[in-house]
Amino acid sequence: MRLIAYASPERYVNITGVGNHNIPKLRIGTFAAKVQLQDGRWVLMIFHEYGELPNGKTIHSKVQLKDNNCEVYDDPERLAGRQCLITQEGYHVPLDFSQGLAYIKMHFPTDEEVKNLPCVVMTRDFPWDPSRYDKAKSDDVPVLPIPDAIPDPIHPGFNHTGEALDVNYGEYDVTSTEILDQDWNAENGNTGTTSGRVPSTGELLPTPSDIVHCAYDLGYNPTYTTELYSHYSLIGNLNVDYAAQQEDKMNFVKYRKYFLNVPASTVAHTFDSTTRYYRFIPSTNRFMTYRSPYPALNVFRRHEIVFTDTVFANVPAWGGVHAAQVFAGKMSQYISVHGCKTDKDFPRCLEDEIRKRGAMDKLASDRAKAETSAKVFDILRTLFIQDWTSEPHFHHQNFAERMIQELKKFSNWVLNWSDAPPAAWYAAFEYVTFIMNRTAKERLNWRTPVEALNGQTPDISMLLHFTFWEPVFIANYRDKGKKNFPSTSDEIIVRFIGFAEDVGHSCTFKVYNEETQEILYRSSLRKINPDTDVLNIPPYDPKPKDNVDDEGIEEIVQTRVNENGLRKTAMFEPHELVGRSFLMPHNPDGTRERATVIGYEQEESPAIDAMEQFQKDLKRRPECVKFKAKVGAEGLERYVEWNDMCEFIEEQIQHEDQTWNFRKIIGHRRDLGPRDKPEIQIEWESGEITFEPITEFYKDEPWLLAEYAQEKGLIDDWERRCPRLKLSRHARNAKKMMRVINQAKRQSYQNTPIYMFGVKVPRNHEQAVKFDEENGNRLWQEAEAKEIGQMFEYNVFEDHGHRNTGQPPEGYKQIRLHLVYACKHDGRRKARIVAGGHLTDPPLESVYSGVVSLRGLRMVIFLSELNKLKVYQTDIGNAFLEARTTEKVYVIAGGEFGSYKDHIFVIVGSLYGLKTSSKRFHEVLNDVLREMGFFPCVAEPDIWMRAMNADVTMMSMEDLKKEQPAYTYEGVSRPIFDGYYEYVASYVDDLTIGSRDPDSILDYLQVRAKFKLKGSCEINYLLGCDYWRDDDGVLCSAPKQYLEKMEVEYERLFGEKPRKSRAPMDPNAHPELDQSDFLDDEQTKIYQSLIGSAQWAISLGRIDVCVHVMTLGSFRAKPRKGHMDAIKKFYGYLCRMKEATIRYRTDMPDLSDLDIQEYDWSRTVYAGSTEQYPENLPIARGNPVQQLSYVDANLYHDMLSGKAVTAILHMLNQTPIDWYSKKQNTVETATFGSENVAARTAIEQMKDLKFTLLYLGVPIVDRSIMVGDNKTVVDCATQPHYKLVKRHLMLSYHYVREAMATGNYGYVWLNGKDNPADILSKHWAYGTVWKLLQPLLFWQGDTNDCPTKLTDQK
């Protein structure tokens, strides 16, 4: 059988069977099976209210089938039975008998069969309670006198003593029995007759008047046991007692999004005042329904006073709807809407309202002409409806006005939350009113408007599956019947927009096809599967909103989801997990054992081999697989569920650090008896934790044991219990003990097994062959063969024959090759050949090969956006092998080379591991780029550029000689030429391309240069940073995936998720004053790892945490526990504020608010100061750039050293391009001094940034602006008459003033509350800095529209 959907809300049931065998907590759902009828047709049988049993047999209750009017004839035809089932539709389902047991032949339905076969509902979609038919019939047995005569025998042919009688088998008084049967049946409400025999033995049944017969019952309900993956369904006489079904405590918070985000308490009242009979709504599988499961839900009535008003919109909705007529019931609170083009359509809307919900007692309006027209009064007179209007200009008297306010509020929330287009406003109106009418209200004593209107409790099952504008799948109706396989999918994606009240049954939905702009009605939708439906999914990115719920209730949407809206996890096939190892959960005594998967199977041995069927149906039902695992050294076998197995395997992603075998001794057994032998608790590098006798551990590692015993003061006690241990002798020689310990650790490293994703990874070829033999496959050897094949494909080796016959070239040195093995998350094996470069002599030449800086990479992306270039990324596969090496080395081939074993291979390719390989590839790539017309940037040698014409053709040398300046830009003195520059930035083998025709560059690299490129596409992920475009088309970057990995690593290290925080650190925190205990070596490594990850996050764009990481990074050498607590809070902030994003906004900034003063420096010592430009600058092309930098200093940041912090934020136009936060080298005694030092540092960096841009051919506005918040320092630097007071600041003072005197730099004052550099200089509080953070990192669109404005004071 196939799972269709789980019951919603989820419920569970306990099963108790033969021998009190208990199967606890089976999740209730709806299942389906394909069955062939007696006439040969096929149907899809639907079984509601069944408990899901992953393995074994599913129990079908005869009573439950009959409860749905299904006739069950479970007697074989040879006993005059009908041997079939008859459904309420009249379908006849044949039964097969074998060995006295009945079978139903059933098949697992395919996706196509689920969609197209007619459905036959076998059990009711209503919470099944078998106790409703309970009756103790034995209590009703009449008390009769004991007869004088011996009663008739029960067994034919024998008397009551067991003696044989001369009786024909099976004969009895038919007449009397039939009469008595009829009388007995009539008394019990039955109209049929009994068969007169026990079905299983053929024995005569006693008459109903007989005391035995009165107490006689079959004692069981014949049940249908379906083999989950078999072709046959077994019918047996198994007793099944369903335990009482108790619903778990509801989590109403998760259902808020289906009820317009109302408080969770309101949702709870709504659940109490409604029903949810639709336990099965096909949201996970598209499913054909041919009749309404509950037709009674389509009945409506009405009887009350109704208010009405018209709502106009400034955007036409789909279908040309410009307005909505709203009707609101005063007593019932029921609200409805009707679309119209003008208010003249009111009579039609009124007629529709009456037709659908009945004639109201009175219609109330606000005296609008359309609502008081003659045609309207004709309708009211005809139906005897009274009318009433509010006073002129007193709209508050109209109850509909207040309902419209609620309607608008919720509709705006729906549109904003779902990002639906404005034209969807009327669909949102209908969606909101449908939900409002089914949401409990306090004014109605926590009942719903629907119930108040018509007296019937509404069913809200359809509300709990889809939200407005959610993408869903429906059947491809446009290509139905056409032969388009496989080019066209059988499903298309549409948007969910509401519920169909007038089409189909009560679970029919409205969807919108964005491609054809059609509104469709479908009862068969399929929800997006986050694990499988990852392609061509339209964006559905609900935005976070302020919490409007009850106090203490979390928001529905805390953070925005990934750009594709989907989360990806690794999945495995069962056979791929056989042979893998994983760590079992911790035992109660703290030990932890490693287990190995040895197979997978069902709990019971089926009549047929179910393994093939398991593999066929795995993708549909992976949770039905159980694995058999051998645990620990004793080899005990246990069963592990599928979900647990996936968690165990994925948990160990970060546990494969390849250090020594035993990590450390973490404890020992305490409270030993007089004769107990001591045991120590060891944490192994594989992750296992076990207790081992000290006598066994002493044999291999006496020094480690002596070290631990000495540290814990256990030497005397252990030597008394184990006299043969000489721990005191080993402990006396400390130096020798440490040397031997280190040697033991190195030896343990060579012997320890390595696990990646649960797979044991070999260290060499011999282990690879051994592991393949153990696993019964050749995966590792195939990985070796693939890698060696690539070596020969790239001509990395020159074969000089067998070592016995050939000779290496003179002057060549022999080195070793070794293979590095790895297992990917999807189970793929990888092998990489690496040369032993450490054995070669130090090269005389430089082996340095650079990479583009992250700042340079951001510049390339910014300039590409500035000049309307496409930004692409690509990766050169097997990059090093593209080059030739100059090192004179050779190797002797090992067994992994097969027939080439013991051959002499001279290495001619730049093999991984050689000292010069990186440089050789760098040279090859540089030569290719030069051939393409690129030249390196002087300031960033790994950024390559070339001049292009406006028609996307490369400029020739003649064009470059003839061209003249094309135009000028205000504030830019350098001439600007036509055309633009294309850029290529290289980071080893990762290339970032900025070009209007990037495909031509990629084609050249592939076709002409013969590079094998991978992942060539528009930039989306590079060096740990994600890239995408927002709804306004602006390119964005943020380390989203990197932050997710940081969160996973944190959870692995500490066993819990970070606690969310709104600030990285307390505003008044001074970690340098912390006096808590120092961390041990293990915790110190963890602290250093966390700091390193945080520093890379800053490099990728997390400007907001620079100063905090800088502060905590000062304690990496010897951190304390308080520092660890601080970094934990820091991680909590990163996990809460994941959406910080750098947006590449290229428009020129508005500097009109800045007061830039002009002064005459001609009569000062700085007279004639100019900024010298290099003579080899490339000519300027493209759009101009304004350089803007914010600077700040925080005096006495470090209370121990007294040092201040310099913070600088560099902007190009409106884009953050570089940032700096660091302690100053000198101690300043006043803010004036620290701000002067910061200003000098900022000018130095601004000059560096400016000249880098000039070497990239960028037209720069002559005056670069620096903004600070210390008025005295700004005046000192910009006013010629200002004199220096503090002589020790002379160098900074003159350096900054000379830069101002050139006229190429400006220094402007800004209120400190508005200075973004404050984010980088102080430990800030969320409330004080949010107005700076939001426009910088958290605002999409024009920052002038940002709600958190800066202060007016400048």
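Just so we're clear, the structure is a prediction, and the values are computed from it rather than from any experiment. (Residues numbered from 1 in each chain as written. Predicted model: local features only at pLDDT ≥ 70, side-chain atom pairs only at ≥ 80, totals over all residues. Heavy atoms only, no water.)

**Digging into the overall build of the protein chain**
Thinking step 1. When helices and strands are counted, the protein chain shows 33 helices and 57 strands.
Thinking step 2. Taking all 1354 residues of the protein chain together, the buried fraction comes to 51%.
Thinking step 3. Considering only contacts in the protein chain between residues 6 or more positions apart, those separated by 24 or more positions represent 68%.
Thinking step 4. For the protein chain, the exposed area adds up to about 66600 Å²; of that, 49% sits on carbon and sulfur atoms. (Helix = DSSP H or I, 4+ residues; strand = E, 2+ residues; numbered from the N terminus. Buried < 20%, exposed > 50% of the residue type's maximum accessible area, 1.4 Å probe, protein only. Contact = heavy atoms within 4.5 Å. Areas by Shrake-Rupley, 256 points an atom, 1.4 Å probe, with all protein chains shown as cover.)

**Regarding the side chain of serine 336**
Thinking step 1. For serine 336, the location among the structural elements is in strand β17 (residues 335-340).
Thinking step 2. Judged by relative accessible area, serine 336 falls into the buried class, the value being 3%.
Thinking step 3. Serine 336 has contacts with Gln325, Val326, Phe327, Glu353 and Arg357, leaving out every residue within four places of it along the chain.

**Things to note about empty space enclosed by the protein**
Thinking step 1. Using the criterion set out here, one finds 10 cavities of 30 Å³ or more in the structure.
Thinking step 2. Roughly 100 Å³ of internal volume is contained in the largest cavity.
Thinking step 3. Taken together, Leu854, Leu857, Arg858, Leu1022, Leu1023, Cys1025, Tyr1027, Ser1037, Ser1099, Leu1100, Ile1142 and Tyr1144 form the lining of the largest cavity.
Thinking step 4. Looking at the lining of the largest cavity, the elements with two or more residues in it are α21 (854-866) and β49 (1025-1029).
Thinking step 5. Sort the elements by how many residues they give to the lining of the largest cavity and α21 lands first, with 3 residues.
Thinking step 6. Grouping the constituent residues of the lining of the largest cavity by class yields 9 nonpolar, 2 polar and 1 charged. (1 Å grid on protein atoms, 1.4 Å probe; cavity = no way out; pocket = protein on both sides within 12 Å on 5 of 7 lines; lining within 4 Å. Points joined across faces, edges and corners; volume = space filled by probe spheres on them. Nonpolar A, V, L, I, M, F, W, Y, C, P; charged D, E, K, R; others polar.)

**Describing the packing of helix α30 (residues 1271-1278) against helix α31 (residues 1290-1301)**
Thinking step 1. Where α30 contacts α31, the axes come no closer than 8 Å and their chain directions differ by 65°. In contact with Cys1276, Ala1277 and Thr1278 of α30, α31 contributes Tyr1293, Val1296, Arg1297 and Met1300.
Thinking step 2. Taken together, the residues of the contact of α30 with α31 sort by class into 5 nonpolar, 1 polar and 1 charged. (Axes fitted to C-alpha atoms, helices over the stretch in contact; angles between N-to-C directions.)

**Regarding the sheet that holds strand β7 (residues 84-86)**
Thinking step 1. With antiparallel pairing, the 3 strands of this open sheet are ordered in space as β6-β7-β8. A single partner strand is all that each edge strand has here, and the edge strands are β6 (71-73) and β8 (92-94). Neighbour-to-neighbour, the strand axes of the sheet open up by a mean angle of 15°, direction not taken into account.
Thinking step 2. Of the pairings in the sheet, the one linking β6 to β7 comprises 3 bridges and is antiparallel in character. In the strand pairing of β7, glutamate 71 is matched with isoleucine 86. (Pairing = 2+ DSSP bridges.)

**Some words on the packing of aromatic side chains**
Thinking step 1. Applying the stated criterion across every chain, the model contains 39 aromatic pairs.
Thinking step 2. Look at phenylalanine 797 and phenylalanine 905: their rings are 5.2 Å apart centre to centre, the planes differ by 20°, and that puts the pair in the stacked class. With a gap of 108 residues between them, phenylalanine 797 in strand β34 (residues 797-802) and phenylalanine 905 in strand β40 (residues 903-907) connect regions that are remote in the sequence. We note that phenylalanine 797, like phenylalanine 905, is buried.
Thinking step 3. With a centroid separation of 4.7 Å and 50° between ring planes, the pair formed by tyrosine 1050 and phenylalanine 1054 is classed as tilted. On the criterion of helical spacing, the pair formed by tyrosine 1050 and phenylalanine 1054 is a turn pair, its members being 4 residues apart in helix α25 (residues 1040-1054). (Phe/Tyr/Trp six-rings, centres within 6.5 Å; stacked < 30°, edge-to-face > 60°.)

**Some remarks on helix α8 (residues 399-418)**
Thinking step 1. Helix length check: α8 (20 residues) gives 29 Å between terminal C-alpha atoms against 28 Å at 1.5 Å per residue, within 8%.
Thinking step 2. Those residues of α8 that fall on the buried side of the exposure criterion are Phe399, Ala400, Met403, Ile404, Leu407, Phe410, Ser411, Trp413, Val414, Leu415, Trp417 and Ser418.
Thinking step 3. Taken together, the buried residues of α8 touch β15 (305-317), β16 (321-329), β17 and α9 (425-436).
Thinking step 4. Two residues or fewer past α8, aspartate 419 is found with a positive phi of approximately 60°. (Expected span 1.5 Å × (residues − 1).)

**A word on the nonpolar core**
Thinking step 1. Ranked by size, the top nonpolar core spans 92 residues in total, and within it Tyr983, Ile1127, Leu1256 and Leu1333 carry the most contacts.
Thinking step 2. With 8 residues, the top contributor of residues to this core is α21.
Thinking step 3. Non-local contacts of leucine 1333, meaning those with residues more than four positions away in its chain, are made with Asp1104, Tyr1133, Ile1319, Trp1324 and Phe1338.
Thinking step 4. Val326, Phe410, Leu415 and Val494 belong to the second largest nonpolar core, which has 64 residues in total. (Core = buried A, V, L, I, M, F, W, Y, C linked by side-chain atoms within 4.5 Å.)

**Overview of a nonpolar patch on the surface**
Thinking step 1. Taken together, the side chains of Leu1073, Tyr1196, Met1199 and Leu1200 present a nonpolar region at the surface, about 400 Å² in accessible area.
Thinking step 2. Inspection of the secondary structure assignment puts methionine 1199 in the loop between β53 (1187-1194) and β54 (1205-1212). (Patch = residues over 30% accessible without salt bridge, like charges linked within 9 Å, V, L, I, M, F, W, Y side chains within 5 Å. Salt bridge = Lys/Arg side-chain N within 4 Å of Asp/Glu carboxyl O.)

**Examining unusual backbone geometry**
Most peptide bonds adopt trans geometry, and most residues besides glycine take a negative phi value.
Thinking step 1. We note that asparagine 69 has phi near 65°; this positive angle belongs to a residue other than glycine.
Thinking step 2. Secondary-structure assignment places asparagine 69 in the loop between α1 (62-67) and β6.
Thinking step 3. Given a relative accessible area of 56%, asparagine 69 falls into the exposed group.
Thinking step 4. In this model, lysine 1010 sits at a positive phi of 65°, which is unusual for a non-glycine residue.
Thinking step 5. Within the secondary structure, lysine 1010 is located in the loop between α24 (998-1008) and β47 (1013-1018).
Thinking step 6. Here lysine 1010 falls in the exposed class, since its relative accessible area comes to 58%.

**Things to note about the pairing of strand β21 (residues 491-499)**
Thinking step 1. For β21, the buried fraction is high: 8 of the 9 residues fall into the buried class.
Thinking step 2. Of the pairings in the sheet, the one linking strand β20 (residues 471-475) to β21 comprises 5 bridges and is antiparallel in character. If you follow proline 471 over to β21, its bridge partner there is arginine 495.
Thinking step 3. In this structure, β21 lies alongside strand β22 (residues 509-513), joined through 4 bridges in antiparallel fashion. Bridge pairing in β22 places glycine 498 opposite lysine 510.

**Section: the confidence of the model for the protein chain**
It should be kept in mind that the predicted coordinates are not to be read in detail where pLDDT is low.
Thinking step 1. With 75% of its residues at a pLDDT of 70 or more, the protein chain has an overall mean of 78.
Thinking step 2. Considering only residues more than four positions removed or in separate chains, one finds that residues 234-248, a stretch of pLDDT under 50, has 53 contacts.
Thinking step 3. Segment residues 290-300: pLDDT under 50, and 32 contacts once partners within four positions in sequence are set aside and those in other chains are kept. (pLDDT = per-residue confidence, 0-100.)

**What about the packing of helix α6 (residues 346-357) against helix α7 (residues 374-382)?**
Thinking step 1. Look at α6 against α7: their axes get within 9 Å of each other, and the N-to-C directions meet at 20°. Relative to α7, α6 is oriented roughly parallel. In the packing of α6 onto α7, the handedness of the crossing is right-handed. For the pair formed by α6 and α7, the contact residues are Phe346, Pro347, Leu350, Glu351 and Ile354 on the first element and Lys375, Val376, Ile379 and Leu380 on the second.
Thinking step 2. By residue class, the composition of the contact of α6 with α7 is 7 nonpolar, no polar and 2 charged. (Parallel < 35°, antiparallel > 145°, perpendicular 65-115°, else oblique. Left-handed = near helix turned anticlockwise from the far one by under 90°.)

**What about the pattern of salt bridges?**
Thinking step 1. Enumeration according to the criterion identifies 46 salt bridges in this entry.
Thinking step 2. Glutamate 1049 is the partner of arginine 1052 in a salt bridge, and the nearest nitrogen-oxygen pair spans 3.1 Å. Here glutamate 1049 and arginine 1052 lie together in helix α25, a separation of 3 residues that amounts to about one turn.
Thinking step 3. Lysine 1223 serves as the salt-bridge partner of aspartate 1198, at 2.7 Å between the closest nitrogen and oxygen. With aspartate 1198 in the loop between β53 and β54 and lysine 1223 in strand β55 (residues 1215-1223), this residue pair connects regions lying 25 residues apart in the sequence.
Thinking step 4. One continuous salt-bridge network, built from bridges that share partners, spans Asp345, Arg348, Asp352 and Arg355.

**Details of helix α27 (residues 1106-1113)**
Helical geometry: 3.6 residues make up each α-helical turn, so side chains three or four residues apart lie on a common side.
Thinking step 1. Most of α27 sits inside the fold, with 8 of its 8 residues counted as buried.
Thinking step 2. Burial in α27 covers these residues: Cys1106, Val1107, His1108, Val1109, Met1110, Thr1111, Leu1112 and Gly1113.
Thinking step 3. Elements that come into contact with the buried residues of α27 comprise α26 (1081-1099), α28 (1121-1136), β54, β55 and α32 (1318-1321).

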